[in-house]
Amino acid sequence: MPKKIDFSVIHVTSEDPKYRATELNTHGPTVKGWQSARNCEYPQEVVIQLDKRCSLNKIQLLAHQYLIPSKIELFSSNEDTNTVADVNTINWDYLGYITLSDNQSTGFKSRELKSANVPVTTASYVKLKLGKNHANSHNNNNQVSLIAVNVLGTEILTRRHSNPENAEKLNDLVNDPEYWSPYDDLAFEMYVDVDVAKIIREMETKKRLAVISERFEYARKLKLAMESIRAAGEKLGKYELEKRHAIELEDYERARHKKNQMDDYRAAIYHELCIEQLLETDGHCPKNDECNDETDASSKNPLSPTLLRVSNDKRANSPQINQSQVSPLHVPRHQSPKKGSPSTGSPTNITTRGSFRRRNKSAGAIVKSTYEMYEEKPLPALRHSQTNEFLRECQMDNDFKATSKLTEREKKQAALPILVFGNDLVEKFYSKHYCDKEEGLNRLKEELLSYDNSRMHTANKTARAAIFILHRTLRDKVFSVYNLANEVIRLFFVQFVPGRVSPAEVSRSVDKLLPELLTKSGDTSARIHHMAVHTILTMADCKNVRDLHIIPVHLSRPVSSSTHPRLALSRAEMVEQLIINHGISTDKQSGLTCRTLSEFGASGLHHPAEAVRKVSERILVLVYKVNPRLVRKQLPPDDDITRRNLLYRQLFHEFDKIDLQRKKEMLEKTRVIQQCSVPPNSDFLSPEPTPNEINKCPSTSNIQNIFNYDNVNGQSKNYTISKSQSGGNIQNNGTAKNESSSSASGISSPSNNSQKEEDEKQCIFCNQSESSILAVSNSMNSHYWRSCPMLVRCKECSQVVEVSMLTEHLLMECERRESYTQCSQCSEAVKISDIKHHVTSCRGLVEGYNRCPLCHENLEDEEMCWKKHLMGEKPCPKNTRIKVQVQKTVTIQV
C-alpha cells in the first residue's frame, strides 16, 4: 500500500532566512514553506533524504501563490545513505518534469497542488531542480518557493511479529497496491491539525484491520469518528493560525485565550468521541463491538453542543453514512430508556404509547433522508401530553435548536464569508427561520461597525464577504429580513466604505446589489418598492459611489415601450430625484448630462403608462431650463400639427413659460441704459464685417432676440440673432411681420416686438444699450464680431461664441474638435498633443466652480459670475476685448 514516506531536507542551493528549507520537513496548517534567496541564480536545487528506502509511486508539490517556478525536474537516487558524504557525489536518475501555471487567472490568490505519478523505482534520495520563476508584479525579487513536498511510496516490512496471523494480515494490508489512503494526501495534511491527522491515520489502519477481522461494528464506529474528528481537526488548524497571528502582533492575551480554547476543544472532542477506547491503546475493547446507539462515536453525548457542531454537519451532508443512524433527539424509546420515562412494557402506559403513535403519525417518520437538518416543532394538539419524556424532548428542542447546516455546495459558495465571519454567522443566513437571519444581520452590522484596520482580513475582503451575504438576504420573502438587509446595506455604504474600501471593490459591490434592488423597486408591494428606492438613492448620495457614476448611468438608460410600468416609473422617479439632488452635470460619464437626460425623457414620453409619461415630462422641463436646444432636438417640430397632441401641447406650453420668464429677466436687467453720442465719422470705428463673417455670429444658449439694425444706407430692416450652440446667424427677415417662428434650436419672439420696445434695445450678451454701442461701432453686428466683452472668436474656426461656451464649442461644435480633449482635472478643452504637458501643471477645478477658458481661473458658480468676471471692476486680464473698449473710451474723452 503506498503511504507517506517521511524525509528530511539535506541540501538547498539557497534559502531566505525567514523561510528555511527545514519548513518542508513537516506538514500542517501553520507551515510557511521554503523560499529561495532574493535575486538568486537558477536553477535552484532541493535534495531530500528519505527515512527509509522505498519504491516511489507519487510525488506531490504545493507551490506558492506567486513565487512560482516555471518548471520542476525530478531526480532519484538509490545510493546507501550511510556511504554518502557529499551531495555532489550522488548519481541521479532522471524521472521527469512538471510545469506550473503562472496563476494570473486566479489573481495570485490560490496555490497549485501538483501530483506526479513517477515511474516505479527504488530510491533513498530525491532531488528537485526548480527553473526560473514566472514574472509577476508581486515577485519583485525573482524568488521561487515550495510550501510543501510529499513523497508517497511502498514500504516493505522486514520486522517479525510474535503473532503470525496478525503479521500476515498486516503484510497484506500494507502491501495492497490498489489502496491509496486519502489521509496521506497533502490536501488533507495542510488543513488538519497535526495531532488529529496522526490519530486519523491510525484509525484508518485499525478500520481496515477491523474489516479483515470482520469486526464490522467497530469499523463503522471508526468511520463515523474519523469524519467527526476531521472536522474538529480543521477547526483546530484555524485556531492554531489565529494563535500564530496573535503572536506576530504581540497580542499575547489573545494568544493565551486561543491556546486555552484549543486545549479545551481538543479535550472535549477526544472525550466525546472516546478516542482512547476506539484506538484500543490498552488492548482489545469488547465495547467497540457492541451495537448500541448510545455508545456510537457520533452520538455518545447528544446534549453536547461541541459535538453537535462537529458531527451533525457531517451526518447531514454525507449520503454514504448509514441512514439508520437517527438524530440523537429521536432515539427509539426501547433502545434508550431514560430516567423518569414510563416503561413501554408496563400495562399502565398504554395511553402513553398511544400518544407516541399519534405523534409519529402526524409528525412523519423519524428517519430523515434529507441532506439538510430542519426544525421539527411540536404539534399544538400534543403540547398538553402528560408524558415526561415528551416534555423533556420539547424542552431539549428549545434549548439546543440549531440553525440549518450548510451543504457542501453551500460551503463552496460561501467560502469567503465563512473565512471572514466564521461558520456560525454564515449558517444563520442559510437557516429557514427568519429569526436566525435577523440575528445574523444584526451581528453583521456589529462586525461592520466595529471593524478596524488591525484585523486579519482587509477591508476589501470584508466588504466582498458582506455583499455576498446581503445580496442573498435581499431576495428573502420575509419583509422584516428584507427591511433589515436594506438597513445594513445603507450602513455599509455610508459608514463602512468611506476611507476603507477601494473604488474597484465599491464598483463591484454596487454592480452586485443594484440589479436586485432595481427589481425590488418594481415590486407590487408599496413598502418593498419604497424601501428599494430609498436604498438606491442613499447609495447614490454616498460620495464613494457618486464618484463612480454607476447608479445614474444605469437609471438614465432610455426605457422602451415594453418595459414594465412599475419598473419604468420607479426608474423615472429616481432619475428626477437625482437631478434635484445632484443637478445636471457636464461630465459625459456621469449619466446626468443634458443629452442623456433629454433622450431618457423623450423615451419615457412614448411609454404606454400615463404615470411614466408625466414623470418624463417633468424631467424634460428640468433639462429645458438648462439646455433648451437639446430638449427640442429630441422632440418633433413645434407646429400646429404637433400641438394637436395633448401631451406635446402641455409640454410646449411649459417651454413657452420658461422662455417668457427668461426674457422678462433679461429685460429687467437692462432697464437702465446709458446714453452717449459718438461722431458718425470717427476714425476708430471698426469696419463692417464681411458677409462670411456675418455667418459666424455668436452661439449661445437657446434664446432669440429680434432688433432693428440700420444698414449703411440708413434703411431699417429686421434681423434675428439666433442664440444656439450650433452657431447662431443673423438673418434678414425683410419687413416686420407679426409671426412666430419655431425650430429645433429655439423659439423666436415676434419681429414687431422690437418696434414696441424701442427704448429697451440692447446687446443680448453684455446688456449695453444700442445707442452706446453705435457710438463706438458701425453696427450691432460689428459689436458682436469685434468688441462685445462677453464673446470671443474661436482660434480654430473663427466662429464667435460666448466665452462661457468656448470649452463646449471646442469639444462639440468646432470644425477641429477632433484635435481637442477634455482635461479630467479642470474640465477645460486641451489639444491632444498638449495634454501630457497640461496635466503636469494643471490646477484642478474646485467643486461648485466654473473655469474661465481665457485666464484659467476658477469662478464661483453664481448667476452673474461670467458678467462679473468679464466686465466687472477687475475684468479678466486675458479678455482682449476689454482692452479695446477701454482704448476707445479714452479716445472719446480726449
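Counting of residues starts from 1 at the beginning of each chain's written sequence and follows it residue by residue. Only residues with pLDDT of 70 or above have their local features reported here, since the model is predicted, and side-chain atom pairs are shown and tallied only from 80 upward, although totals for entire chains, interfaces and linings are computed over all residues. Side-chain calculation: all heavy atoms of the structure are included, whereas hydrogens and water are not.

**Here's the deal with the overall build of the protein**
What counts here: Helix numbers and strand numbers start at the N terminus; a helix is a DSSP run of H or I with at least 4 residues, a strand a run of E with at least 2. Each residue is placed in one exposure class: buried if its accessible area under a 1.4 Å probe, protein chains only, is under 20% of its type's maximum, exposed if it is over 50%, and partly exposed if it falls in between. Note on contacts: a residue pair qualifies if any of its non-hydrogen atoms lie within 4.5 Å across the two residues. Per-residue and other accessible areas were derived by the Shrake-Rupley procedure at a 1.4 Å probe size, with only the shown protein chains allowed to occlude residues.
Looking only at helices and strands, one finds 33 helices and 19 strands in the protein. Burial statistics for the protein: of 894 residues in total, 47% are counted as buried. For the protein, contacts bridging at least 24 residues in sequence account for 65% of all contacts bridging at least 6. Accessible surface, the protein: about 46500 Å² in total, of which carbon and sulfur atoms supply 49%.

**Considerations on the packing of helix 4 (residues 216–248) against helix 5 (residues 252–272)**
In a pair of packed helices, the angle between the axes and the distance between the axes together describe the arrangement. As a reminder of what qualifies: Axis definition: a line fitted to C-alpha atoms, over the contacting stretch in the case of helices. Angles run 0 to 180 degrees between N-to-C directions. Working rule for angles: under 35 degrees goes down as roughly parallel, over 145 as roughly antiparallel, 65 to 115 as roughly perpendicular, anything else as oblique. Note on convention: the crossing is left-handed when the near helix lies turned anticlockwise from the far helix by less than a right angle, right-handed when the turn is clockwise. Any residue that is not Ala, Val, Leu, Ile, Met, Phe, Trp, Tyr, Cys, Pro, Asp, Glu, Lys or Arg is counted as polar, Gly included; the first ten are nonpolar and the last four charged.
One way to put it is that helix 4 packs onto helix 5 with a least axis distance of 8 Å and a crossing angle of 165 degrees. In terms of axis orientation, helix 4 runs roughly antiparallel to helix 5. Judged by the sense of rotation from one axis to the other, the crossing of helix 4 with helix 5 is left-handed. Residues Ile229, Ala232, Lys235, Leu236, Tyr239, Glu240, Glu242, Lys243, His245, Ala246 and Ile247 of helix 4 touch helix 5, and the partners they reach there are Tyr252, Arg254, Ala255, Lys258, Lys259, Gln261, Met262, Tyr265, Arg266, Ile269 and Tyr270. Class assignment of the residues belonging to the contact of helix 4 with helix 5 gives a composition of 12 nonpolar, 2 polar and 8 charged.

**Focus: the packing of helix 21 (residues 594–605) against helix 22 (residues 610–624)**
The geometry of helix 21 relative to helix 22 is characterised by a closest axis approach of 8 Å and an angle of 155 degrees between their N-to-C directions. If you check the angle between helix 21 and helix 22, you find them roughly antiparallel. In this structure, helix 21 crosses over helix 22, and the sense of that crossing is left-handed. Residues Cys594, Leu597, Ser598, Phe600, Gly601, Ala602, Gly604 and Leu605 of helix 21 touch helix 22, and the partners they reach there are Val612, Arg613, Ser616, Glu617, Ile619, Leu620 and Val623. Taken together, the residues of the contact of helix 21 with helix 22 sort by class into 9 nonpolar, 4 polar and 2 charged.

**A few points about the pairing of strand 4 (residues 44–63)**
Condition: The pairing criterion is simple: DSSP has to find at least two bridges between the two strands.
Of all the 20 residues making up strand 4, 15 are buried; the element is thus mostly covered by neighbouring parts of the structure. Relative to strand 4, strand 2 (residues 7–12) runs antiparallel, the two being bridged by 5 bridges. In the strand pairing of strand 4, Val12 is matched with Val46. Sheet topology note: the strand 4/strand 8 (residues 145–154) ladder contains 8 bridges and is antiparallel. Bridge pairing in strand 8 links Gln60 to Asn150.

**What about the nonpolar core?**
Our working rule: Among the buried residues, those of types Ala, Val, Leu, Ile, Met, Phe, Trp, Tyr and Cys that are joined through side-chain atoms within 4.5 Å form a nonpolar core.
Ranked by internal contacts, the top residues of the largest apolar core, which has 73 residues, are Leu444, Phe493, Val510, Ile551 and Leu635. Residues within four places of Phe493 in sequence aside, it is in contact with Pro498, Val506, Ser509, Val510, Leu513, Met539, Cys542 and Val545.

**Considerations on the state of the cysteines**
To keep it simple, the criterion reads: The disulfide definition used here is simple: a pair of cysteine sulfur atoms within 2.5 Å.
Inspection of every chain in the model, using the stated rule, returns 0 disulfides. Counting only cysteine sulfurs, Cys285 is the nearest neighbor of Cys274, a cysteine outside any disulfide, at a range of 9.2 Å.

**Looking at the packing of aromatic side chains**
Put simply, the test is: By convention, a stacked pair of Phe, Tyr or Trp rings (six-membered ring in the case of Trp) has centres within 6.5 Å and planes under 30 degrees apart, an edge-to-face pair has planes over 60 apart, and any other such pair is tilted. A ring is scored as having a charge over it whenever the NZ atom of a lysine or the CZ atom of an arginine sits within 6 Å of its centre and within 35 degrees of its normal.
What the rule picks out here adds up to 11 aromatic pairs. Ring geometry for Phe652 and Phe655: centres 6.0 Å apart, planes at 70 degrees, overall edge-to-face. On the criterion of helical spacing, the pair formed by Phe652 and Phe655 is a turn pair, its members being 3 residues apart in helix 25 (residues 646–668). Of the two residues, Phe652 and Phe655, both sit in the buried class. One aromatic cluster is present, built from ring pairs that chain together Tyr451, Phe492, Phe493 and Phe496. Its end group placed over the ring of Tyr97, Lys71 keeps NZ or CZ at 4.5 Å from the ring centre. Across the ring face of Phe479, the terminal group of Arg527 is positioned such that the distance to the ring centre comes to 4.0 Å.

**Quick notes on unusual backbone geometry**
Of the consecutive residues Tyr42 and Pro43, the connecting peptide bond is found in the cis state with omega at 5 degrees. In the Ramachandran plot, Asn142 falls in the positive-phi region, its phi being about 55 degrees despite a non-glycine side chain. Within the fold, Asn142 resides in the loop between strand 7 (113–130) and strand 8. Even without being a glycine, Glu250 presents a positive backbone phi close to 60 degrees. Take Glu250: it is sitting in the loop between helix 4 and helix 5. Given a relative accessible area of 58%, Glu250 falls into the exposed group.

**As for the confidence of the model for the protein**
Applied cut-off: Each residue carries a pLDDT score, the predictor's own confidence in it, on a scale running from 0 to 100.
For the protein, per-residue confidence averages 75 on the pLDDT scale, and 72% of positions sit at 70 or higher. A low-confidence stretch, residues 294–404 (pLDDT under 50), is modelled with 151 contacts involving residues beyond four sequence positions or located in other chains. Every residue in residues 884–894 scores below 50 in pLDDT, and together they form 9 contacts with partners more than four places removed in sequence or on other chains.

**Let's talk about helix 17 (residues 526–541)**
The test is simple: Every helix has an expected span of 1.5 Å times one less than the residues it contains.
With 16 residues, helix 17 extends 23 Å from end C-alpha to end C-alpha; this agrees with the ideal 22 Å at 1.5 Å per step. For helix 17, the complete set of buried residues consists of Ile528, His529, Met531, Ala532, Val533, Thr535, Ile536, Leu537, Thr538, Met539 and Ala540. As for helix 17, its buried residues are in contact with helix 15 (479–496), helix 16 (503–521), helix 18 (543–546), helix 19 (550–555) and helix 20 (565–582).

**Some points on the pattern of salt bridges**
What counts, and what does not: A pairing counts as a salt bridge when a side-chain nitrogen of Lys or Arg comes within 4 Å of a carboxyl oxygen of Asp or Glu.
Under the defined criterion, the tally for this structure stands at 33 salt bridges. Notably, a salt bridge pairs Glu15 with Arg20, separated by 2.8 Å at the nearest N-O pair. Assessed through its relative accessible area of 28%, Glu15 is described here as partly exposed. The partner of Asp638 in a salt bridge is Arg643, and the shortest N-O contact between them spans 2.6 Å. In the salt-bridge network here, residues are joined through shared partners; they are Arg632, Asp638, Arg643, Asp656, Asp659 and Arg662.

**Some details on helix 5**
Short version of the rule: Here the arc refers to the directions that run from the helix axis out to each C-beta atom.
Across its 21 residues, helix 5 extends 30 Å between first and last C-alpha, which sits within 8% of the 30 Å expected from 1.5 Å per residue. Along helix 5, the residues that are buried comprise Ala255, Lys258, Met262, Tyr265, Arg266, Ile269 and Glu272. Along the axis of helix 5, the buried positions cluster into a sector of 135 degrees, meaning they face one direction only. Facing away from the buried surface of helix 5 by more than 90 degrees, the exposed residues are Tyr252, Glu253, Asp264 and His271. Once helix 5 ends, the next one or two residues include Cys274, with phi positive near 55 degrees.

**Re the environment of Met812**
Residue placement: Met812 occurs in helix 30 (residues 806–812). The exposure class assigned to Met812 is partly exposed, which follows from its relative accessible area of 35%. Here Met812 is in contact with Lys588, Arg595 and Arg817, once residues within four sequence places are set aside.

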